[in-house]
Amino acid sequence: MIVCVAVVGYQNNPLYIQSFTDADDALKLHHIVHCSLDVVDERVNNPKKSGPPLNETFLGLLYPTENYKVYGYLTNTKVKFILVTTDLDVRDADVRNFFKRFHAVYVDAVSNPFHVPGKKITSRTFAERVSTIVKSFGLSSAG
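Here is a short report on the structure shown in this document. Since the model is a prediction, treat every value here as computed from it, not as a measurement.

Focus on the pairing of strand β4 (residues 69-74)
Then step 1. Buried residues dominate β4, accounting for six of its six residues.
Then step 2. The sheet contact formed by strand β3 (residues 58-64) and β4 spans five bridges and is antiparallel. Across the sheet, L61 pairs through a bridge with Y71, a residue of β4.
Then step 3. Following β3, the chain reverses through four residues before pairing antiparallel with β4.
Then step 4. The sheet contact formed by β4 and strand β5 (residues 80-85) spans six bridges and is antiparallel. If you follow L74 over to β5, its bridge partner there is K80.
Then step 5. Connecting the antiparallel pair β4 and β5 is a turn made up of five residues, with K78 showing a positive phi of about 65°.

So, in structure tokens, the structure goes:
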């Protein structure tokens, strides 16, 4: 189950953070997202030491915690997508598919002529579409 999704700008400023759990966990999830930015920066700045080559936008598993797994995705414009899930047996193909769909929704949101680049994403349509993608996460692999 996805518990948090975040979009972080190229200057590490939060553009969108949505948690899908109780309010008590929101602060903890914001902290996890913030800590994951260090791992993303490490992979971007030292690609030889840490995993896949950077011609790949999917950064994979950034780090596991006791209760969560954190995945990352880096766009061509250096905007980062962070996914926090409680599922400990998530397939990479499902996460890649999620990020591909999430990226398409993000592109639609920032292509809005009324959106100011680098500012928080406040679109209700974006939030609804993200919720739909989150709810459908992993359903394709169940069948």
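On we go.
Details of helix α3 (residues 124-135)
Then step 1. Look at α3: 17 Å from first C-alpha to last across twelve residues, which is about the 16 Å you get at 1.5 Å a residue.
Then step 2. All buried positions along α3 are accounted for by F126, V130, I133 and V134. Projection of α3 onto a plane perpendicular to its axis shows the buried side chains occupying an angular sector of 100°, all on one side. What points out from α3, more than 90 degrees from its buried face, is the exposed set R124, E128 and K135.

Calculation rules
- Residues numbered from 1 in each chain as written.
- Predicted model: local features only at pLDDT ≥ 70, side-chain atom pairs only at ≥ 80, totals over all residues.
- Heavy atoms only, no water.
- Buried < 20%, exposed > 50% of the residue type's maximum accessible area, 1.4 Å probe, protein only.
- Helix = DSSP H or I, 4+ residues; strand = E, 2+ residues; numbered from the N terminus.
- Pairing = 2+ DSSP bridges.
- Expected span 1.5 Å × (residues − 1).
- Arc of directions from axis to C-beta.

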